[in-house]
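# A look at the structure
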Amino acid sequence: MKRTRSQVSPTMSPGANNEGFDAHVNGHTNGIDGNVENAVIVGAGPAGLMLGANLARYGIKSRIVDDRDDKTSTGRADGLQPKTIETFKQLRLADPLLQKGVKIYDICFWSSSTTKPLHRTRREVHYPSDLDVKDPFILLVHQGMVEDIFIEDMKERGIEVTRSSPFQRYVATQDPQAPIEAICQDNKTGSSRSFKTKYLVGCDGAHSNVRRSIAGAQMIGESSNSKWGVLDGVIETDFPDLWSKVVIHSETEGTVLCIPRERNMTRLYIELDRNLQDSVPTEATQDFVMNQARKILAPFSVEWTSVEWFSVYKVGQRVASTFSAENDRVFITGDAGHTHSPKAAQGMNTSMHDTFNLGWKLNLAIRGLATPDLLSTYQHERRKIAQDLINFDFEHAAAFADGDSKALADNFATNVGFISGVGVKYGANVLNYPEKLPRGVLRAGELMAPAQVTRYIDANPVDVQLDIPMLGQFRVYFFVPDVHTAKTFLDSVCCYVSSTNSVLGRATAAAAKSHAQLNLPPVESDNFIQPGRYTATSHLFTFATVTGMQKSSVEIADLPPLLQKSRWTFYMDDLKDQKTGKSCTEKWLGPVAADEIAIVNIRPDGYVGSVGRFNGNGDGADASEWLDAYYGGFLRA
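Residues numbered from 1 in each chain as written. Predicted model: local features only at pLDDT ≥ 70, side-chain atom pairs only at ≥ 80, totals over all residues. Heavy atoms only, no water.

Right, let's get into the overall build of the protein chain. When helices and strands are counted, the protein chain shows 17 helices and 27 strands. Taking 2.2 N^0.38 as the reference for a compact globule, 637 residues should give roughly 26 Å; the C-alpha atoms of the protein chain span a radius of gyration of 26 Å, in line with that estimate. The C-alpha extent of the protein chain, read off along each of the three principal axes, is 75 × 65 × 40 Å. The buried share of the protein chain, taken over its 637 residues, is 61%. By sequence separation, contacts in the protein chain at least 24 residues apart represent 74% of the contacts at least 6 residues apart. For the protein chain, the accessible surface area stands at approximately 24600 Å², while carbon and sulfur atoms represent 49% of it. (Helix = DSSP H or I, 4+ residues; strand = E, 2+ residues; numbered from the N terminus. Rg over C-alpha atoms; globule rule 2.2 N^0.38 Å. Buried < 20%, exposed > 50% of the residue type's maximum accessible area, 1.4 Å probe, protein only. Contact = heavy atoms within 4.5 Å. Areas by Shrake-Rupley, 256 points an atom, 1.4 Å probe, with all protein chains shown as cover.)

As structure tokens, this is what we get:
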């Protein structure tokens, strides 16, 4: 079931040697489009579609090419972690997946030996209560369902995948302003076609031709001799834990991972004999793998009433030597940059978060709003996460194969934050300014923690980390104990950041000009999201106010004009966290004095950028200077 991709021609490589290569490829007229694409995305799996859909939501049209004739219909990746569920909620795309998927809350361990029959050794809560997540479960949906969500979202915005078009190579010159030429094969006509583009992103899997086209790029790590069969189907069995996630180990026969799936199916990952040769052994037929599963699960009976998907794969942990090239104009993401075992349900999640990280940065770069420092953070942040992933996966896969339930549970507990996605942390860089003396749970380079507040305008209790949709904007939260006593401070800061004297004001003006020139038309789904509520003051920044005041003692009219226009993001901090009993302010920031104002900058991907604390009785000049210093580090203003 593995896809094969066109090999890169050994006679062609990117760089100066190919500068004369223009209108003819392999003897065919390549049909170069006259226009330059904003981005060419190679690969229409979850990573590529996440990128294409996000760019479209930001108003940027891209071209997505894929070697397949159609979308994924069965099998492949299948698990969404809590952070990914949160991301889909922020994109307002989660509901169909939550309705159709299977939620896993626990994990069971079974084992047998030469002296003991198969028996349950332990049962664990999958995500313990001390993990601070809104959705403490894995959502099981097959990859095609995820792809469908993005495909329909893009289709509404006038973007469709260019299929049957395997990517072959790219051509780039030394001029960083010159477009890159992405060359694809058109399987329908047999000719080659080339697209000029500002940016090229390889989301084309472990055998990525984009990666192979990057001079010097290579996969670093080892590919183990561990081979696994995987089956999706409807099972008839007397095994009692079929609807939990289960690790089943037989001392004599091997290991099975059992995962419930949508539509009454179950996925089994079945360990194969390591003595079998080749990556996909000829002996490893579907019947062979089924019989192996029956041996491991004995004495329980296992029969399939239907099989939807079957494949065999080889485990390996490797990371690409680079995630970017050509002065940050060519990127690789997902399996093109990192490969690992699928048993911790990380592949699809990590791949989509690669492009989720890259998407908003490309949006700003395409619009001319970003300094070069911004795009360089993609490699800095995501290659580290890929390395962290394979380090974890090496231990996790080894414990899994050994059937050591204690080692597996201990490894999972140690890495539960990383596995869930909510514990993924980015290091200090131009986007992430660590606070010198942090008091609450917020940290630069980490996600917003879940917290509830009451939205002023309609009295709705909302999750503050989810309430503002992902529109490619930075969020600037003002935490104000008392709006009245802080009037001078708020008036001064808001007046400054609204003016072209400030980085935020100049960037807002540039963004408005860009959106007037480069923006996709509104779509029907926007009627429900109402993006205008969040772009009332800027296409680049959403301003929000959180106050500890009672609603009866404050009016929207008491706010400065900038925050009055942001009325849908005016919140009462009058609800307590169920786990900690703390308000949003207390949880996020710790103690905030009555005469203090805190400002929190949140990146467009939901990560904390910086936290500042200021004297609310002052004129706000220090806060204005602080905001300019932060945003001036990566915005071209």
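After presenting the structure, the write-up continues.
Moving on: unusual backbone geometry. Cis geometry is found at the peptide bond from Ala298 to Pro299, where omega equals 15°. Here Pro299 shows up in the loop between helix 6 (286-297) and strand 17 (302-320). Of note in the backbone geometry, Asn264 takes a positive phi value of approximately 70° without being a glycine. Tracing the backbone through its elements, the reader meets Asn264 in the loop between strand 15 (254-260) and strand 16 (266-271). Judged by relative accessible area, which is 48%, Asn264 ranks as partly exposed.

The next thing to look at is the pattern of salt bridges. Evaluated as defined, the whole model comprises 35 salt bridges. Taking the shortest distance from any N to any O, the salt bridge between Asp232 and Arg261 comes out at 2.8 Å. Here Asp232 is found in strand 13 (residues 219-237), whereas its partner Arg261 is found in the loop between strand 15 and strand 16, with 29 residues between them in sequence. There is no split in this pair, since Asp232 and Arg261 are both buried. (Salt bridge = Lys/Arg side-chain N within 4 Å of Asp/Glu carboxyl O.)

A word on the domain arrangement of the protein chain. Here the protein chain is described as being made up of domain 1 (37-101 + 140-221 + 319-414) and domain 2 (446-633). Each partner contributes to the interface: domain 1 provides 28 residues, whereas domain 2 provides 29 residues. With both sides pooled, the region where domain 1 packs onto domain 2 buries about 2400 Å², and carbon together with sulfur makes up 59% of that total. Counting the contacts that link domain 1 with domain 2 gives one salt bridge. Glu381 is paired through a salt bridge with Arg603; the nearest N and O atoms lie 2.7 Å apart. For the side of domain 1 that touches domain 2, the elements supplying multiple residues, two or more each, are helix 1 (46-57), helix 2 (82-90), helix 7 (347-366) and helix 8 (372-402). In terms of residue count, the dominant contributor to the side of domain 1 that touches domain 2 is helix 7 (seven residues). Its residues assigned to classes, the side of domain 1 that touches domain 2 shows ten nonpolar, six polar and twelve charged. (Domains from an automatic or database assignment. Buried area = accessible area lost by both parts, 1.4 Å probe. Nonpolar A, V, L, I, M, F, W, Y, C, P; charged D, E, K, R; others polar.)

Glancing now at the nonpolar core. The biggest cluster of nonpolar side chains holds 113 residues, and the ones touching the most others in it are Leu80, Phe88, Leu200, Leu362, Phe541 and Tyr631. The element best represented in this core is helix 7, accounting for nine residues. Both domains that meet at this core, namely domain 1 (37-101 + 140-221 + 319-414) and domain 2 (446-633), each give it at least three residues. Contacts of Leu362, omitting those with residues within four sequence positions, involve Leu51, Leu55, Tyr199, Val201, Phe331 and Leu375. (Core = buried A, V, L, I, M, F, W, Y, C linked by side-chain atoms within 4.5 Å.)

This paragraph deals with the packing of aromatic side chains. Two aromatic rings, taken as a pair, are described by how far apart their centres are and by the angle between their planes. In total, this model carries 27 aromatic pairs according to the counting rule given. Where Trp110 meets Phe239, the ring centres are 4.8 Å apart and the plane angle is 55°; that geometry is what we call tilted. Of this pair, Trp110 sits in strand 7 (residues 106-112) while Phe239 sits in the loop between strand 13 and strand 14 (245-250), placing them 129 residues apart in sequence. For Phe239, a relative accessible area of 6% corresponds to the buried category. Aromatic side chains Phe614 and Trp626 sit 5.4 Å apart centroid to centroid with 65° between the ring planes, which places their arrangement in the edge-to-face category. Taken together, the residues span a long stretch of sequence, with Phe614 in strand 27 (residues 608-615) and Trp626 in helix 17 (residues 621-631) at a distance of twelve residues. (Phe/Tyr/Trp six-rings, centres within 6.5 Å; stacked < 30°, edge-to-face > 60°.)

Looking now at helix 13 (residues 503-517). In a regular helix each residue adds 1.5 Å, so 15 residues correspond to 21 Å; helix 13 covers 21 Å between its end C-alpha atoms and thus fits that length. The set of residues buried in helix 13 consists of Val503, Leu504, Gly505, Ala507, Thr508, Ala511, Ser514 and His515. The inward-facing, buried residues of helix 13 abut helix 12 (487-497), strand 24 (541-547) and helix 17. (Expected span 1.5 Å × (residues − 1).)

It is worth spelling out the sheet that holds strand 9 (residues 138-140) at this point. Think of a sheet as strands paired side by side through backbone hydrogen bonds, with each pair either parallel or antiparallel. Taken together, three strands build an open sheet; the order of strands is 5-9-6 and the sheet is antiparallel. The sheet is open, and its two edges are formed by strand 5 (79-80) and strand 6 (102-104), each paired on a single side. Relative to strand 9, strand 5 is paired through two bridges, and the arrangement is antiparallel. Looking at the pairing, Gly79 lines up with Leu140 of strand 9. (Pairing = 2+ DSSP bridges.)

Glancing now at the environment of Met348. Note that Met348 resides in helix 7. Look at Met348 and you get buried, because its relative accessible area is 6%. Each C-alpha atom of the pair Met348 and Asn264 lies 22 Å from the other, and the pair is 84 residues apart in sequence. Ignoring anything within four residues of it in the chain, the contact list for Met348 reads Pro46, Ala77, Asp78, Gly79, Leu80, Val141, Gln143 and Val146.

In this section: the pairing of strand 23 (residues 474-480). A large share of strand 23 lies buried, amounting to seven of its seven residues. Across the two faces of strand 23 the burial is the same, with Phe474, Val476, Phe478 and Val480 and Arg475, Tyr477 and Phe479 all buried. Here five bridges tie strand 23 to strand 26 (residues 596-602), and the two strands are oriented antiparallel to one another. Among the inter-strand pairings, Arg475 is bridged to a residue of strand 26, identified as Ile602.

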